[in-house]
Amino acid sequence: MRLDRAQAQHPHEALPPVESMQVWSADFQDGDRLDPKHAHGSAGGDNVSPNLQWSGAPLETQSYAVTCFDPDAPTGSGWWHWLIVDIPVTVTTLASGVVLDGVGAPEGCVEFINDFGERGYGGAAPPPGDRDHRYIFTVHALDVPKLGISGDTPNGAVGFNLTAHTLARGSIAGVYAH
């Protein structure tokens, strides 16, 4: 079954404008199809977060946050795949397969419960037969060293706090369908 509907607005278009940053990945180019290893297990993938790298943050930056959001999910509110905050300002790369308190996660970071109900990265998982979905990986340069919110904070409230403290942002999007 193919879900026919208009493509959702890019989520950054509804946010206050800020400076731009450069974001790239060793695992995919902007607009490329994501490798199945970056898909959620429910979509036959390995649920491995992609490598992300960034530069161009303002000098006032005190920390970073990384999010992954699917605006094309047929929910009316999109789908949060990953939210990680309190990344130290000295970190400008996340390795593939970041796991909180494990592989590649900078010390002191806070990861939130994604819309799968899991803490950490939840890979691409569009409904079977749906068109390509966009998975927008965004790096936010923040004006505080810590957001001061717990890992149980709802995703909408995390987004509100990010928007209030973002000095600059940059993103890279991969697409996926199964």
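Before reading further, recall that the structure is shown in the block above.
The shown structure was predicted, so the numbers you read here are calculated from the model rather than taken from an experiment.

Draft legend 1. Layout of the layout of surface pockets. When its volume is computed, the largest pocket comes out at roughly 400 Å³. What lines the largest pocket is a set of 23 residues, and nearest its centre among them are Pro11, His12, Leu15, Phe69 and Trp80. Broken down by secondary-structure element, the contributors of at least two residues to the lining of the largest pocket are β4 (63–70), β8 (133–142), α1 (155–165) and β9 (166–176). For the lining of the largest pocket, a count of residues per class yields 10 nonpolar, 12 polar and one charged.

Draft legend 2. How the structure looks around the pattern of salt bridges. For the structure on display, the rule yields four salt bridges. As a salt-bridge pair, Arg131 and Asp72 come within 3.9 Å of each other at their nearest N and O atoms. One end of the pair, Arg131, is in the loop between β7 (110–111) and β8; the other, Asp72, is in the loop between β4 and β5 (79–88), and 59 residues separate them in sequence. There is no split in this pair, since Arg131 and Asp72 are both buried. Between Arg134 and Asp72 there is a salt bridge, and its shortest N-O distance comes to 2.7 Å. With a gap of 62 residues between them, Arg134 in strand β8 and Asp72 in the loop between β4 and β5 connect regions that are remote in the sequence. Exposure class is identical for Arg134 and Asp72. Each is buried. What you see here is one network of salt bridges that share partners, running through Asp72, Arg131 and Arg134.

Draft legend 3. Just the pairing of β4, in detail. Where burial is concerned, most of β4 is hidden: eight out of the eight residues are buried. Of the two faces of β4, the one carrying Ser63, Ala65, Thr67 and Phe69 and the one carrying Tyr64, Val66, Cys68 and Asp70 are both buried. Relative to β8, β4 is paired through seven bridges, and the arrangement is antiparallel. By the bridge assignment, Ser63 is partnered in β8 with Leu142.

The rules behind these values
- Every chain is numbered independently, its residues counted from 1 as its sequence is written.
- Two thresholds apply to this predicted model, a pLDDT of at least 70 for residue-level local features and 80 or more for giving and counting side-chain atom pairs, whereas whole-chain, interface and lining totals are computed over all residues.
- Only hydrogens and water are set aside; all other atoms, that is, all heavy atoms of the structure, feed into the side-chain values.
- Using protein atoms alone on a 1 Å grid, points that fit a 1.4 Å probe yet trap it form a cavity, whereas open point sets bounded by protein on both sides within 12 Å along at least five of seven lines form a pocket; residues with an atom within 4 Å of a point count as lining.
- Grid points are joined across faces, edges and corners, and a volume is the space filled by probe spheres set on the points.
- Each helix is a run of DSSP H or I of at least 4 residues and each strand a run of E of at least 2, with the numbering of both proceeding from the N terminus.
- For this scheme, ten residues count as nonpolar: Ala, Val, Leu, Ile, Met, Phe, Trp, Tyr, Cys and Pro. Four count as charged, namely Asp, Glu, Lys and Arg, and the remainder, Gly too, count as polar.
- Salt bridges are defined by distance alone: a side-chain nitrogen of Lys or Arg within 4 Å of a carboxyl oxygen of Asp or Glu.
- To sort residues, take the accessible area from a 1.4 Å probe on protein chains only and compare it with the maximum for the residue type: under 20% means buried, over 50% means exposed, and anything in between is partly exposed.
- Here a strand pair is declared whenever DSSP counts at least two bridges between the two strands.

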